[in-house]
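Read off the chains here:
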Amino acid sequence: TVSVIASDNVDFATITGGTAYTVTAGGNLTFAQASTTDGNILLNAGGDLTGGSALTADINTNASGSDSLNIEAGGALTINTARAQDSLTLTGSVIAAGTLASDLASVLANGTVSANVGTLNSRFNSTVNAGTVTLGDANIGGTLTINAITTADGDVVITGDADVGGVVSLEATGDISLAA
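From a predicted model like this one, the values you see are computed outputs, not experimental measurements. (Residues numbered from 1 in each chain as written. Predicted model: local features only at pLDDT ≥ 70, side-chain atom pairs only at ≥ 80, totals over all residues. Heavy atoms only, no water.)

For the structure shown, the criterion picks out one aromatic pair. Judged by centre distance (5.5 Å) and plane angle (15°), the rings of Phe-12 and Phe-31 are stacked. Pair noted here: Phe-12 is in strand β2 (residues 10-17) and Phe-31 is in strand β4 (residues 29-36), with a separation of 19 residues, a long-range link. (Phe/Tyr/Trp six-rings, centres within 6.5 Å; stacked < 30°, edge-to-face > 60°. Helix = DSSP H or I, 4+ residues; strand = E, 2+ residues; numbered from the N terminus.)

Next up on the list: the pattern of salt bridges. Within the structure shown, the criterion is met by one salt bridge. Across the pair Asp-103 and Arg-83 runs a salt bridge whose closest N-O atoms are separated by 3.5 Å. In this pair, Asp-103 is assigned in the loop between β9 (88-102) and β10 (107-122) and Arg-83 in strand β8 (residues 77-84), connecting sequence segments 20 residues apart. The pair formed by Asp-103 and Arg-83 is uniform in burial state, with each residue classed as buried. (Salt bridge = Lys/Arg side-chain N within 4 Å of Asp/Glu carboxyl O. Buried < 20%, exposed > 50% of the residue type's maximum accessible area, 1.4 Å probe, protein only.)

Bringing the nonpolar core into the picture now. In this structure, Leu-29, Leu-43, Ile-71, Leu-100 and Leu-120 are the most contacted members of the largest nonpolar core, which totals 43 residues. In contact with Leu-43, other than residues within four places in its own chain, are Tyr-21, Val-23, Leu-29, Phe-31, Ala-34, Leu-49, Ala-54, Asn-70, Ile-71 and Glu-72. (Core = buried A, V, L, I, M, F, W, Y, C linked by side-chain atoms within 4.5 Å. Contact = heavy atoms within 4.5 Å.)

What follows covers the environment of Ile-71. The residue Ile-71 is located in strand β7 (residues 69-73) in this model. You can call Ile-71 buried: its relative accessible area is 0%. Discounting residues that sit within four places of it in the chain, Ile-71 has contacts with Leu-43, Leu-49, Ala-54, Leu-77, Ile-79, Ala-82, Thr-89, Leu-90 and Thr-91.

Another aspect to go through is unusual backbone geometry. In this structure, Asp-153 is a non-glycine residue whose phi angle is positive, near 60°. Mapped onto the elements of the fold, Asp-153 is located in the loop between β13 (144-148) and β14 (156-158). Judged by relative accessible area, which is 61%, Asp-153 ranks as exposed.

In this structure, Ser-102 sits in strand β9. With relative accessibility at 5%, the residue Ser-102 sits in the buried group. Once residues within four sequence positions are removed from consideration, Ser-102 is found in contact with Ala-84, Gln-85, Asp-86, Ser-87, Val-107, Asn-121, Ser-122 and Arg-123.

Time to look at the side chain of Arg-83. Among the residues examined, Arg-83 registers a relative accessible area of 19% and is labelled buried. At 3.4 Å, the side chain of Arg-83 forms a polar contact with the backbone oxygen of Ala-57. Apart from residues lying up to four places away in sequence, Arg-83 is in contact with Ala-54, Leu-55, Thr-56, Ala-57, Asp-58, Leu-69, Ala-101 and Asp-103. (Polar contact = N/O pair within 3.5 Å; in protein donor to acceptor, adjacent residues only side chain to side chain.)

Another point: the side chain of Ser-53. Along the polypeptide, Ser-53 turns up in strand β6 (residues 49-55). A relative accessible area of 13% places Ser-53 in the buried class. Contacts of Ser-53, omitting those with residues within four sequence positions, involve Phe-31, Ala-32, Gln-33, Ala-34, Ile-79 and Thr-81.

Here is the structure:
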């Protein structure tokens, strides 16, 4: 079990937990890797959150129990890789993510200003909501929903390939641009 609570900033390199993992910072949260061998992860920052990777249990080594990942920032949220066996949820003002993935469930990313996601992978549904949304590549088993409607002139830009098994729903107050 990992439980770290600070009224100001939290900064760590790597912490691997067993069945429960919570890190809460009243200020900024910075880390290289947060992972569990079996259990949920909650990472919460009142300010900005900057991370290398956040990983729940790997489906190939431990497929039991709940292994969800919830990452919240009051400010900007920047992460290289976030992968959950079950649901993955990100919330922040500006979201910048390299890879977001869920092995068995859905991905939800809510950015109040913008969301920029390099790769989005999910066995089920995935939703990205923000003022402006940029997505590189996606491999989604269910529905892909992208809403750029929280600000005027919100654009949806998909720069790579989107392989979607279900419905694709794109809504923007500005332009929608798909890779040629």
